[in-house]
Amino acid sequence: MSELDGVLRELGRQVEFPPTPDLASAVRRRLGKRRSWRRPVAIALAVLVAAIGAALAVPPARTAILDWLGLRGVDIVRVEKLPPVPAIGDLDLGEPVTLAEARRRSPWLLAPAEAPDRVYFSTAIPGGKVSFLWGTPASVRLLLTEFRGQESYIEKLIEPEAKVEPVDVGDRGVWLEEPHVLAFRDRDGNFREDTARLAGKTLIWQRGSVTLRLEGDLSKEEALRIARSAD
Amino acid sequence: MVVSRPPTEEELVERAKRGDESAYEELVRAHQGIAFRTAYLVAGSAAEAEEAAQEGFVKAYRALGRFRRGSPFRPWLLQIVANEARNRRRSAGRRAALALRAAAEGSSGGAAPSPEGALLAGEERERLLEAVNALRDEERFVIGCRYFLELSEEETAAALGLRIGTVKSRTSRALEHLRESYV
């Protein structure tokens, strides 16, 4: 162990990286220009959104952030091809708690009518993240995750043809039928690679300041029924 | 007596927070080397690393309001830069092998050889580097961060968006794999 350690450190000193470009000057120039380029971009996006209209057909751009869906807590990004991720990633559930305890820690919580098998609380998101789980962590039947806030803590990557269907639940919601990649972000908004995994059918909706996400092998109608029962 | 000394990093950050762009330029200059190399390790090409590092620095400037006073600047910055690098790699949808090349033969820099220098000569060095290059991305990244960029476990965790526990377990798994292919 220690020998390989030393050898790698030694190797590290002999590894050649490309020369560092003069980033300081380039960054300085961009800071000065900040206001002049942001506005045209915003206008271009607005035009794009208007052109797309209600059809929700997204142009085959390499990446298009669908934040115009109005879901604050989630970013849905189209990518050409899903990156390879584990089918079962780190669910990042946090610690098991009782429903009462979860409510005490996150008073905004919306509990579904059907009692879950387990409830978890995680501090990965400011204000807490609560997960209701049906089944067992090793064999999840349904997973409902809730958190509150203005920032987006979930990133979803979908393929170009995957449908994003707006549905009538809460203030606004979408249904994703196809497999997609799901990952959480940390408090600074950075993508947490260790939470990336493949997700199946998912309903995401917003109620007030709470973002809810229900995943499992269920039909859209079943998902909507559970979603509408959450109170 | 008034002694003029260069401003500390914390002072530069505070000035940059108030909109002092030249203070921020100094911060960029101080960290651009490690930021660029981290981005290179993750993105796999010099061009993408340059773009990612530049974008990361600009985003970090705009996010300075969220930076907690007194906490270390470097891991915070590396996290943002590496995230940019990862996004570029991801959206490009490719997994190019990162070609790390050993520098020119011998210790041409004229510096005295380090104590471990004797451990690693010519051919062996090539073989070990090959073994590192053959690792899966997630293992190569931790080895690169920890040994080639000499980042701490905390900085590695920040840069790769992992928990410290994950960094530790991935490092030991990677070392295990290296040991298997390099004996």
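Scroll up a little and you will see the structure.
Residues numbered from 1 in each chain as written. Chains lettered and ligands numbered in written order. Predicted model: local features only at pLDDT ≥ 70, side-chain atom pairs only at ≥ 80, totals over all residues.

## Some details on the sheet that holds strand β2 (residues 74-78) of chain A
Residue and element names in this part refer to chain A. Quick reminder of the rule: Two strands pair if DSSP finds at least two bridges between them. To qualify as a helix, a DSSP run of H or I must reach at least 4 residues; to qualify as a strand, a run of E must reach at least 2; elements of each kind are numbered from the N terminus. To get an axis, a line is fitted to the C-alpha atoms, and for a helix only the part in contact is used. The angle between two axes follows their N-to-C directions and goes from 0 to 180 degrees.
The four strands are arranged β2-β7-β10-β11 in an open sheet whose pairing can be described as mixed. Edge positions in the open sheet fall to β2 and β11 (197-199), since each of these has one partner strand only. Each adjacent strand pair in this sheet contributes to an overall mean axis angle of 30 degrees, direction not counted. Both strand β7 (residues 154-158) and strand β10 (residues 180-184) contribute to a ladder of four bridges, which runs antiparallel. Considered in β10, the bridge of Lys-156 is made with Leu-182.

## Quick notes on the environment of Leu93(A)
Residue and element names in this part refer to chain A. Spelled out, the test is: Any residue with 12 or fewer other C-beta atoms within 10 Å of its own C-beta is exposed, any with 20 or more is buried, and the rest are partly exposed; the C-beta atoms used are placed from the backbone. A pair of residues counts as a contact when their C-beta atoms, built from backbone coordinates, are within 7 Å of each other.
Note that Leu-93 resides in the loop between β2 and β3 (95-97). When the 20 C-beta atoms within 10 Å are taken as the criterion, Leu-93 is described as buried. Residues in contact with Leu-93, not counting those within four places in the same chain, are Tyr-120, Ser-122, Ser-131 and Pro-137.

## A look at the packing of helix α7 (residues 153-160) of chain B against helix α8 (residues 164-181) of chain B
All names here are of chain B. We apply this condition: For classification, angles of less than 35 degrees are called roughly parallel, those exceeding 145 degrees roughly antiparallel, those between 65 and 115 degrees roughly perpendicular, and all remaining angles oblique. Throughout, the ten residues Ala, Val, Leu, Ile, Met, Phe, Trp, Tyr, Cys and Pro are labelled nonpolar, Asp, Glu, Lys and Arg are labelled charged, and all others, Gly among them, are labelled polar.
Interaxial distance between α7 and α8 falls to 9 Å at its minimum, and their mutual angle equals 100 degrees. Taken as axis vectors, α7 and α8 run roughly perpendicular relative to one another. Across the interface between the two elements, Glu-153, Glu-154, Thr-156 and Ala-157 from α7 touch Ile-164, Val-167 and Lys-168 from α8. A class-by-class count of the residues in the contact of α7 with α8 yields three nonpolar, one polar and three charged.

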